[in-house]
Amino acid sequence: MTDVADRIVRTYLRDIERATRDLPRSRRRELLAEMEAHIAEARAELPTGSEAEIRTMLERLGDPREIAAAERGRRDPDADRAVLEGMALALLLVGGVVVPVLGWLVGVVLLWISSRWTVGDKLLGTLVLPGGLLPLVALGVLAVNVSQPAGLLIVSVLAAAPIASVTYLGVRLRRARERHADLRADVGIA
Amino acid sequence: MRRMVVEDGNAPSVSQLRRGVLGYCVLALLQGGPRYGFDIVRSLSEAGMVTSEGTIYPLLARLRREGAVASEWQESPSGPPRRYYRLTAAGVASLRTFADEWASFSRGVDRLLEEGARP
(Lines give C-alpha, C1' and ligand atoms only; values in the text may rest on other atoms or scores of the structure.)
Protein backbone atom coordinates (compact mmCIF):
# COMPACT_ATOMS: atom_id res chain seq x y z
CA MET A 1 0.00 0.00 0.00
CA THR A 2 1.81 3.02 -1.29
CA ASP A 3 1.18 6.64 -0.39
CA VAL A 4 0.10 7.36 -3.95
CA ALA A 5 -2.49 4.61 -3.77
CA ASP A 6 -3.82 5.96 -0.48
CA ARG A 7 -4.01 9.43 -1.92
CA ILE A 8 -5.98 8.22 -4.95
CA VAL A 9 -8.42 6.37 -2.74
CA ARG A 10 -8.84 9.36 -0.43
CA THR A 11 -9.52 11.60 -3.41
CA TYR A 12 -12.11 9.19 -4.71
CA LEU A 13 -13.88 8.98 -1.37
CA ARG A 14 -13.83 12.76 -1.14
CA ASP A 15 -15.46 12.91 -4.57
CA ILE A 16 -18.16 10.57 -3.35
CA GLU A 17 -18.64 12.78 -0.31
CA ARG A 18 -18.97 15.84 -2.48
CA ALA A 19 -21.32 14.22 -4.97
CA THR A 20 -23.66 13.06 -2.22
CA ARG A 21 -23.80 16.32 -0.32
CA ASP A 22 -27.50 16.75 -0.94
CA LEU A 23 -28.46 13.35 0.39
CA PRO A 24 -29.87 12.80 3.89
CA ARG A 25 -26.97 12.68 6.27
CA SER A 26 -27.60 9.15 7.54
CA ARG A 27 -27.83 7.65 4.07
CA ARG A 28 -24.75 9.55 2.99
CA ARG A 29 -22.75 8.23 5.94
CA GLU A 30 -23.99 4.76 5.18
CA LEU A 31 -23.02 4.90 1.53
CA LEU A 32 -19.56 6.19 2.37
CA ALA A 33 -19.10 3.39 4.86
CA GLU A 34 -20.11 0.87 2.23
CA MET A 35 -17.76 2.40 -0.33
CA GLU A 36 -14.87 2.39 2.14
CA ALA A 37 -15.54 -1.22 3.07
CA HIS A 38 -15.73 -2.19 -0.59
CA ILE A 39 -12.48 -0.44 -1.45
CA ALA A 40 -10.72 -2.02 1.53
CA GLU A 41 -11.86 -5.50 0.51
CA ALA A 42 -10.99 -4.91 -3.13
CA ARG A 43 -7.53 -3.59 -2.24
CA ALA A 44 -6.83 -6.63 -0.09
CA GLU A 45 -7.37 -8.78 -3.14
CA LEU A 46 -5.17 -6.81 -5.50
CA PRO A 47 -2.03 -8.66 -6.56
CA THR A 48 0.39 -5.81 -5.96
CA GLY A 49 -1.66 -2.83 -4.89
CA SER A 50 0.02 -0.70 -7.52
CA GLU A 51 -1.33 2.63 -8.60
CA ALA A 52 -2.55 1.15 -11.89
CA GLU A 53 -4.46 -1.59 -10.09
CA ILE A 54 -6.02 0.89 -7.70
CA ARG A 55 -7.12 3.10 -10.56
CA THR A 56 -8.63 0.17 -12.41
CA MET A 57 -10.47 -0.89 -9.28
CA LEU A 58 -11.88 2.58 -8.75
CA GLU A 59 -12.87 2.78 -12.39
CA ARG A 60 -14.86 -0.40 -12.00
CA LEU A 61 -16.44 1.07 -8.92
CA GLY A 62 -17.65 3.89 -11.10
CA ASP A 63 -18.02 7.63 -11.40
CA PRO A 64 -18.94 9.14 -8.01
CA ARG A 65 -21.56 11.29 -9.66
CA GLU A 66 -23.16 8.27 -11.27
CA ILE A 67 -23.28 6.50 -7.93
CA ALA A 68 -24.78 9.59 -6.30
CA ALA A 69 -27.34 9.81 -9.08
CA ALA A 70 -28.28 6.16 -8.58
CA GLU A 71 -28.73 6.90 -4.90
CA ARG A 72 -31.00 9.82 -5.67
CA GLY A 73 -33.03 7.55 -7.92
CA ARG A 74 -32.42 10.02 -10.64
CA ARG A 75 -32.39 7.23 -13.19
CA ASP A 76 -35.95 8.35 -13.70
CA PRO A 77 -35.74 12.12 -13.66
CA ASP A 78 -38.96 12.17 -15.56
CA ALA A 79 -40.90 10.97 -12.52
CA ASP A 80 -41.11 14.44 -10.98
CA ARG A 81 -41.90 15.98 -14.31
CA ALA A 82 -44.65 13.45 -14.87
CA VAL A 83 -46.32 14.53 -11.65
CA LEU A 84 -46.33 18.17 -12.73
CA GLU A 85 -47.64 17.28 -16.16
CA GLY A 86 -50.47 15.27 -14.66
CA MET A 87 -51.27 18.13 -12.34
CA ALA A 88 -51.33 20.54 -15.27
CA LEU A 89 -53.98 18.48 -17.01
CA ALA A 90 -56.07 18.06 -13.89
CA LEU A 91 -55.91 21.74 -13.02
CA LEU A 92 -56.70 22.82 -16.55
CA LEU A 93 -59.87 20.83 -16.39
CA VAL A 94 -61.16 21.22 -12.86
CA GLY A 95 -58.66 23.55 -11.17
CA GLY A 96 -60.80 26.52 -12.02
CA VAL A 97 -63.75 24.92 -10.27
CA VAL A 98 -61.92 23.88 -7.13
CA VAL A 99 -60.16 27.23 -6.69
CA PRO A 100 -62.03 29.59 -8.99
CA VAL A 101 -59.87 30.94 -11.78
CA LEU A 102 -56.61 30.65 -9.81
CA GLY A 103 -56.64 26.85 -9.94
CA TRP A 104 -56.98 27.00 -13.68
CA LEU A 105 -54.26 29.65 -13.98
CA VAL A 106 -51.82 27.42 -12.11
CA GLY A 107 -52.68 24.70 -14.60
CA VAL A 108 -51.91 27.09 -17.44
CA VAL A 109 -48.54 27.96 -15.93
CA LEU A 110 -47.67 24.30 -15.53
CA LEU A 111 -48.79 23.70 -19.10
CA TRP A 112 -46.54 26.40 -20.49
CA ILE A 113 -43.41 25.57 -18.52
CA SER A 114 -43.53 21.94 -19.61
CA SER A 115 -41.38 20.92 -22.53
CA ARG A 116 -43.63 18.06 -23.52
CA TRP A 117 -46.13 20.10 -25.54
CA THR A 118 -45.66 22.23 -28.61
CA VAL A 119 -46.61 25.87 -28.58
CA GLY A 120 -49.62 24.94 -30.69
CA ASP A 121 -50.70 22.41 -28.08
CA LYS A 122 -50.23 24.92 -25.32
CA LEU A 123 -52.24 27.58 -27.10
CA LEU A 124 -55.01 25.08 -27.66
CA GLY A 125 -54.95 24.03 -24.02
CA THR A 126 -55.13 27.64 -22.91
CA LEU A 127 -57.79 28.92 -25.27
CA VAL A 128 -60.05 25.85 -25.20
CA LEU A 129 -61.53 26.61 -22.82
CA PRO A 130 -60.38 29.38 -20.54
CA GLY A 131 -61.30 28.28 -17.08
CA GLY A 132 -61.72 24.63 -18.02
CA LEU A 133 -65.01 23.42 -16.61
CA LEU A 134 -65.50 26.61 -14.59
CA PRO A 135 -67.77 28.30 -17.18
CA LEU A 136 -70.02 25.25 -17.18
CA VAL A 137 -70.23 25.19 -13.41
CA ALA A 138 -70.70 28.95 -13.29
CA LEU A 139 -73.60 28.55 -15.68
CA GLY A 140 -75.14 26.01 -13.34
CA VAL A 141 -74.59 28.22 -10.32
CA LEU A 142 -76.12 31.19 -12.06
CA ALA A 143 -79.07 28.90 -12.85
CA VAL A 144 -79.19 30.02 -16.42
CA ASN A 145 -82.15 28.57 -18.21
CA VAL A 146 -80.88 25.89 -20.51
CA SER A 147 -84.04 24.42 -21.86
CA GLN A 148 -83.84 26.10 -25.23
CA PRO A 149 -81.79 24.46 -27.95
CA ALA A 150 -79.31 27.30 -27.89
CA GLY A 151 -78.85 26.86 -24.17
CA LEU A 152 -78.32 23.12 -24.52
CA LEU A 153 -75.80 23.72 -27.25
CA ILE A 154 -73.86 26.15 -25.07
CA VAL A 155 -73.87 23.71 -22.15
CA SER A 156 -72.65 20.92 -24.38
CA VAL A 157 -69.83 23.01 -25.71
CA LEU A 158 -68.83 24.22 -22.26
CA ALA A 159 -68.66 20.62 -21.12
CA ALA A 160 -67.20 18.94 -24.17
CA ALA A 161 -64.60 21.49 -25.20
CA PRO A 162 -62.44 21.44 -22.05
CA ILE A 163 -62.71 17.67 -21.78
CA ALA A 164 -61.75 17.22 -25.43
CA SER A 165 -58.86 19.66 -25.18
CA VAL A 166 -57.43 18.08 -22.01
CA THR A 167 -57.83 14.62 -23.54
CA TYR A 168 -55.97 15.80 -26.61
CA LEU A 169 -53.17 17.17 -24.43
CA GLY A 170 -53.05 13.85 -22.62
CA VAL A 171 -52.62 11.94 -25.86
CA ARG A 172 -49.89 14.33 -27.02
CA LEU A 173 -48.21 13.97 -23.64
CA ARG A 174 -48.11 10.21 -23.88
CA ARG A 175 -46.68 10.30 -27.40
CA ALA A 176 -44.04 12.77 -26.31
CA ARG A 177 -43.08 10.54 -23.40
CA GLU A 178 -42.85 7.48 -25.61
CA ARG A 179 -40.68 9.34 -28.12
CA HIS A 180 -38.51 10.56 -25.29
CA ALA A 181 -38.15 7.06 -23.89
CA ASP A 182 -37.20 5.76 -27.33
CA LEU A 183 -34.61 8.47 -27.67
CA ARG A 184 -33.06 7.66 -24.35
CA ALA A 185 -33.01 3.96 -25.23
CA ASP A 186 -31.22 4.70 -28.49
CA VAL A 187 -28.55 6.63 -26.69
CA GLY A 188 -28.29 3.92 -24.05
CA ILE A 189 -29.62 5.91 -21.14
CA ALA A 190 -32.14 4.75 -18.55
CA MET B 1 -34.51 4.80 -36.97
CA ARG B 2 -33.14 3.04 -33.95
CA ARG B 3 -29.43 2.76 -33.83
CA MET B 4 -28.55 -0.58 -32.32
CA VAL B 5 -24.92 -0.91 -31.36
CA VAL B 6 -24.33 -4.59 -30.87
CA GLU B 7 -20.97 -5.24 -29.32
CA ASP B 8 -20.02 -6.77 -25.98
CA GLY B 9 -23.65 -6.77 -24.94
CA ASN B 10 -23.73 -2.99 -25.07
CA ALA B 11 -26.88 -2.90 -27.20
CA PRO B 12 -29.12 -0.23 -25.69
CA SER B 13 -31.93 -2.73 -25.19
CA VAL B 14 -29.62 -5.13 -23.36
CA SER B 15 -28.38 -2.49 -20.95
CA GLN B 16 -31.98 -1.54 -20.26
CA LEU B 17 -32.82 -5.18 -19.66
CA ARG B 18 -29.90 -5.49 -17.33
CA ARG B 19 -30.96 -2.51 -15.29
CA GLY B 20 -34.48 -3.83 -15.09
CA VAL B 21 -33.54 -7.25 -13.75
CA LEU B 22 -30.51 -6.30 -11.68
CA GLY B 23 -32.52 -6.06 -8.48
CA TYR B 24 -33.88 -9.57 -9.05
CA CYS B 25 -30.41 -10.84 -9.78
CA VAL B 26 -29.37 -9.59 -6.36
CA LEU B 27 -32.32 -11.38 -4.78
CA ALA B 28 -31.40 -14.51 -6.68
CA LEU B 29 -27.85 -14.35 -5.35
CA LEU B 30 -29.17 -14.30 -1.81
CA GLN B 31 -31.14 -17.50 -2.19
CA GLY B 32 -28.27 -19.54 -0.85
CA GLY B 33 -28.01 -17.51 2.34
CA PRO B 34 -26.80 -14.09 3.55
CA ARG B 35 -23.96 -12.47 1.66
CA TYR B 36 -22.06 -9.25 2.14
CA GLY B 37 -21.96 -6.27 -0.20
CA PHE B 38 -18.57 -6.73 -1.79
CA ASP B 39 -19.26 -10.40 -2.36
CA ILE B 40 -22.59 -9.63 -4.07
CA VAL B 41 -20.95 -7.00 -6.25
CA ARG B 42 -18.22 -9.40 -7.26
CA SER B 43 -20.65 -12.15 -8.25
CA LEU B 44 -22.69 -9.72 -10.32
CA SER B 45 -19.53 -8.42 -11.93
CA GLU B 46 -18.37 -11.92 -12.83
CA ALA B 47 -21.76 -12.61 -14.36
CA GLY B 48 -21.26 -9.56 -16.55
CA MET B 49 -24.18 -7.76 -14.99
CA VAL B 50 -22.58 -4.52 -13.89
CA THR B 51 -20.69 -1.75 -15.55
CA SER B 52 -20.46 0.52 -12.49
CA GLU B 53 -20.02 -1.58 -9.37
CA GLY B 54 -20.65 1.32 -7.04
CA THR B 55 -24.25 1.66 -8.20
CA ILE B 56 -25.04 -1.72 -6.64
CA TYR B 57 -24.96 -0.09 -3.21
CA PRO B 58 -27.81 2.32 -3.96
CA LEU B 59 -29.63 -0.67 -5.45
CA LEU B 60 -29.14 -2.62 -2.22
CA ALA B 61 -30.44 0.40 -0.33
CA ARG B 62 -33.53 0.45 -2.49
CA LEU B 63 -34.13 -3.27 -1.97
CA ARG B 64 -33.86 -2.64 1.75
CA ARG B 65 -36.33 0.22 1.60
CA GLU B 66 -38.73 -1.94 -0.36
CA GLY B 67 -38.47 -4.65 2.24
CA ALA B 68 -37.09 -7.29 -0.12
CA VAL B 69 -33.86 -7.65 1.83
CA ALA B 70 -32.66 -7.00 5.36
CA SER B 71 -29.09 -6.25 6.38
CA GLU B 72 -26.80 -6.18 9.36
CA TRP B 73 -23.21 -5.21 9.86
CA GLN B 74 -20.88 -7.85 11.22
CA GLU B 75 -17.32 -7.63 12.40
CA SER B 76 -14.88 -9.25 10.07
CA PRO B 77 -11.65 -10.87 11.23
CA SER B 78 -9.77 -9.75 8.14
CA GLY B 79 -10.70 -6.10 7.81
CA PRO B 80 -13.50 -3.58 8.04
CA PRO B 81 -16.99 -4.63 9.18
CA ARG B 82 -19.12 -6.25 6.51
CA ARG B 83 -22.71 -5.56 5.73
CA TYR B 84 -24.55 -8.85 5.26
CA TYR B 85 -27.75 -8.98 3.28
CA ARG B 86 -30.44 -11.62 3.44
CA LEU B 87 -33.76 -12.19 1.72
CA THR B 88 -36.94 -11.37 3.60
CA ALA B 89 -40.16 -13.33 3.11
CA ALA B 90 -41.36 -10.57 0.83
CA GLY B 91 -38.13 -10.80 -1.13
CA VAL B 92 -38.54 -14.53 -1.59
CA ALA B 93 -42.08 -14.06 -2.89
CA SER B 94 -41.01 -11.25 -5.17
CA LEU B 95 -38.19 -13.35 -6.59
CA ARG B 96 -40.50 -16.28 -7.20
CA THR B 97 -42.94 -14.11 -9.12
CA PHE B 98 -40.13 -12.66 -11.19
CA ALA B 99 -38.71 -16.12 -11.93
CA ASP B 100 -42.05 -17.20 -13.37
CA GLU B 101 -42.46 -14.06 -15.41
CA TRP B 102 -38.90 -14.23 -16.63
CA ALA B 103 -39.31 -17.85 -17.71
CA SER B 104 -42.32 -17.12 -19.90
CA PHE B 105 -40.87 -13.82 -21.11
CA SER B 106 -37.55 -15.33 -22.18
CA ARG B 107 -39.34 -18.28 -23.76
CA GLY B 108 -41.43 -15.89 -25.78
CA VAL B 109 -38.40 -13.90 -26.93
CA ASP B 110 -36.49 -17.05 -27.81
CA ARG B 111 -39.38 -18.33 -29.84
CA LEU B 112 -39.68 -15.12 -31.77
CA LEU B 113 -35.95 -15.03 -32.42
CA GLU B 114 -36.09 -18.56 -33.75
CA GLU B 115 -39.09 -17.93 -35.94
CA GLY B 116 -37.58 -14.77 -37.33
CA ALA B 117 -34.43 -16.65 -38.28
CA ARG B 118 -36.27 -19.29 -40.20
CA PRO B 119 -36.29 -18.74 -43.99
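K.L.:
Quick question: what am I supposed to make of the environment of A:Leu111 here?
P.N.:
Residues and elements named next belong to chain A. Mapped onto the elements, Leu 111 comes out in helix H6 (residues 102-113). The class for Leu 111 is buried, based on a relative accessible area of 0%. Each C-alpha atom of the pair Leu 111 and Leu 89 lies 7.7 Å from the other, and the pair is 22 residues apart in sequence. Residues contacting Leu 111, with those up to four places away along its chain left out, are Ala 88, Leu 92, Trp 117, Lys 122, Gly 125, Thr 126 and Leu 169.

K.L.:
Sorry if this is basic, but what is going on with helix H2 (residues 37-46) of chain B here?
P.N.:
Residues three or four positions apart in an α-helix share a direction because the helix packs 3.6 residues into each turn. Residues and elements named next belong to chain B. Most of H2 is tucked away: eight of the ten residues are buried. Three or more residues of H2 are buried, namely Gly 37, Phe 38, Asp 39, Ile 40, Val 41, Ser 43, Leu 44 and Ser 45. Once H2 finishes, Gly 48 follows within two positions and takes phi at roughly 75 degrees, a positive value.

K.L.:
When you look at the pattern of salt bridges in this model, what are you seeing that I'm missing?
P.N.:
Close approach of charged atoms allows side chains with opposite charge to pair. A full pass over the atoms with the stated rule returns 21 salt bridges over all chains. One salt bridge connects A:Asp22 with A:Arg72, and the closest N-O pair in it is separated by 2.8 Å. In this pair, A:Asp22 is assigned in the loop between helix H1 (3-19) and helix H2 (25-45) and A:Arg72 in helix H4 (residues 64-72), connecting sequence segments 50 residues apart. A:Arg72 gets classed as partly exposed once you look at its relative accessible area, which sits at 27%. Salt-bridge contacts for B:Glu66 lead to B:Arg62; the nearest nitrogen and oxygen are separated by 2.9 Å.

K.L.:
What am I meant to see in a nonpolar patch on the surface here?
P.N.:
All names here are of chain A. A surface patch of nonpolar side chains, amounting to about 860 Å² of accessible area, comprises Val 94, Val 97, Val 98, Val 99, Val 101, Leu 102, Leu 105, Val 137, Val 141 and Leu 142. Looking at the nonpolar patch, the elements with two or more residues in it are helix H5 (78-98), H6 and helix H8 (134-141). Ranked by residue count, the leading element in the nonpolar patch is H5, at three residues. Relative to the elements of secondary structure, Val 137 occurs in helix H8.

K.L.:
Is there a simple way to explain the nonpolar core in this structure?
P.N.:
Soluble globular proteins tend to bury their nonpolar side chains together. In this structure, A:Met35, A:Ile39, A:Leu58, B:Val26, B:Leu44, B:Ile56 and B:Val69 are the most contacted members of the largest nonpolar core, which totals 40 residues. Listing elements by their share of this core, those giving two or more residues are H1, H2 and helix H3 (51-61) of chain A together with helix H1 (12-29), H2, helix H3 (56-65), strand S3 (79-87) and helix H4 (89-117) of chain B. Once residues lying within four places of it in the same chain are set aside, the contact partners of A:Leu58 are A:Ile8, A:Val9, A:Tyr12 and A:Ile39. Within the second largest apolar cluster, 13 residues are counted, among which are A:Ala88, A:Leu92, A:Leu169 and A:Leu173.

Parameters at a glance
- Residues numbered from 1 in each chain as written.
- Chains lettered and ligands numbered in written order.
- Predicted model: local features only at pLDDT ≥ 70, side-chain atom pairs only at ≥ 80, totals over all residues.
- Heavy atoms only, no water.
- Helix = DSSP H or I, 4+ residues; strand = E, 2+ residues; numbered from the N terminus.
- Buried < 20%, exposed > 50% of the residue type's maximum accessible area, 1.4 Å probe, protein only.
- Contact = heavy atoms within 4.5 Å.
- Salt bridge = Lys/Arg side-chain N within 4 Å of Asp/Glu carboxyl O.
- Patch = residues over 30% accessible without salt bridge, like charges linked within 9 Å, V, L, I, M, F, W, Y side chains within 5 Å.
- Areas by Shrake-Rupley, 256 points an atom, 1.4 Å probe, with all protein chains shown as cover.
- Core = buried A, V, L, I, M, F, W, Y, C linked by side-chain atoms within 4.5 Å.

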